[in-house]
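Here is how the chains run, residue by residue.
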Amino acid sequence: MVDGVGTSAPDGARPNGPMRTCIGCRAVAGRSHLVRIVLVPPARAVVDETASAPGRGAWLHPERACLDQAVRRRAFGRALRAAGPVDTDGVTHWFASATIDDRPSSRSDRDESGLEADGHPMSTQR
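A quick note: this is a predicted structure, and the numbers were derived from the prediction, not measured. (Residues numbered from 1 in each chain as written. Predicted model: local features only at pLDDT ≥ 70, side-chain atom pairs only at ≥ 80, totals over all residues. Heavy atoms only, no water.)

Turning our attention to the pairing of strand 3 (residues 35–40). Where strand 3 lies against strand 5 (residues 57–60), 4 bridges are found, and the strand directions are antiparallel. Counterpart to Arg36 in the pairing with strand 5 is Trp59. Two strands pair when backbone bridges link them, and strand 3 and strand 4 (residues 44–48) are joined in this way by 5 bridges, in the antiparallel orientation. Bridged to Val40 within strand 4 is Arg44. Joining the antiparallel neighbours strand 3 and strand 4 is a turn of 3 residues. (Pairing = 2+ DSSP bridges. Helix = DSSP H or I, 4+ residues; strand = E, 2+ residues; numbered from the N terminus.)

What follows is the structure, given as structure tokens:
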């Protein structure tokens, strides 16, 4: 642990931006590489495309394999702290209909902090 908060990279460098764990493959990745899933009443999981909906969220790689693994492990209910079974049809539909350009893994190298690709806020380097 570094400073009592999470773990650090093997070389001691701190990762850039918020890190989240995929509920499918359990790999840790930057939030810009994952999609956020939220629970809407009564117990339906949907993709939060803006990653700004209120309430508890779960994170998932935008890959079908991670979705299948999360469904098989029943990870949505645990991650979202649902009282009973969770309907994942909305998430499955998003994965089936979203084009490659809509998915986070194809976005630019800019993260949520506003830092450019080289790590400086107003850099002209790409």
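Core analysis: the biggest nonpolar cluster contains 23 residues, and Ile23, Ile37, Leu60, Phe76 and Val91 have the highest contact counts within it. Looking at this core, the elements that each hand over two or more residues are strand 3, strand 4, strand 5, helix 1 (64–73), helix 2 (75–79) and helix 3 (89–97). When neighbours within four sequence positions are excluded, Val91 is seen to be in contact with Ile37, Ala45, Val46, Val47, Leu60, Leu67 and Phe76. (Core = buried A, V, L, I, M, F, W, Y, C linked by side-chain atoms within 4.5 Å. Buried < 20%, exposed > 50% of the residue type's maximum accessible area, 1.4 Å probe, protein only. Contact = heavy atoms within 4.5 Å.)

This part is about the packing of aromatic side chains. Counted according to the given criterion, the structure contains 1 aromatic pair. Taking the centre distance of 5.2 Å and the plane angle of 80° together, the rings of Trp94 and Phe95 count as edge-to-face. Looking at Trp94, the relative accessible area reads 9%, which means it is buried. When its relative accessible area of 5% is taken as the criterion, Phe95 is described as buried. (Phe/Tyr/Trp six-rings, centres within 6.5 Å; stacked < 30°, edge-to-face > 60°.)

On the surface, Arg26, Arg73, Arg74 and Arg78 cluster together to form a positively charged patch. Here Arg26 lies in the loop between strand 1 (19–21) and strand 2 (28–30). Arg26 gets classed as exposed once you look at its relative accessible area, which sits at 51%. (Patch = residues over 30% accessible without salt bridge, like charges linked within 9 Å, V, L, I, M, F, W, Y side chains within 5 Å. Areas by Shrake-Rupley, 256 points an atom, 1.4 Å probe, with all protein chains shown as cover. Salt bridge = Lys/Arg side-chain N within 4 Å of Asp/Glu carboxyl O. Lys, Arg positive; Asp, Glu negative; His and termini not counted. Charge placed at Lys NZ, Arg CZ, Asp CG, Glu CD.)

The strands making up a sheet associate through backbone hydrogen bonding, with each pair oriented either parallel or antiparallel. The antiparallel open sheet is built from 3 strands, whose spatial order is 4-3-5. In this open sheet, the two strands that pair with only one neighbour each are strand 4 and strand 5. The mean inter-strand angle of the sheet, taken between neighbouring strand axes irrespective of direction, is 35°. Running at roughly 35° to strand 4, helix 3 makes contact with strand 3, strand 4 and strand 5 of the sheet. (Axes fitted to C-alpha atoms, helices over the stretch in contact; angles between N-to-C directions.)

Before going further, it helps to spend a moment on helix 1. Turn by turn, an α-helix covers 3.6 residues, leaving residues three or four places apart pointing in a common direction. Buried residues of helix 1: Cys66, Leu67 and Ala70, and no others. Each buried residue of helix 1 sits inside an arc of 100° when the element is viewed along its axis, so together they form one side. Away from the buried face of helix 1 by more than 90 degrees, exposed residues Ala65 and Arg72 are located. (Arc of directions from axis to C-beta.)

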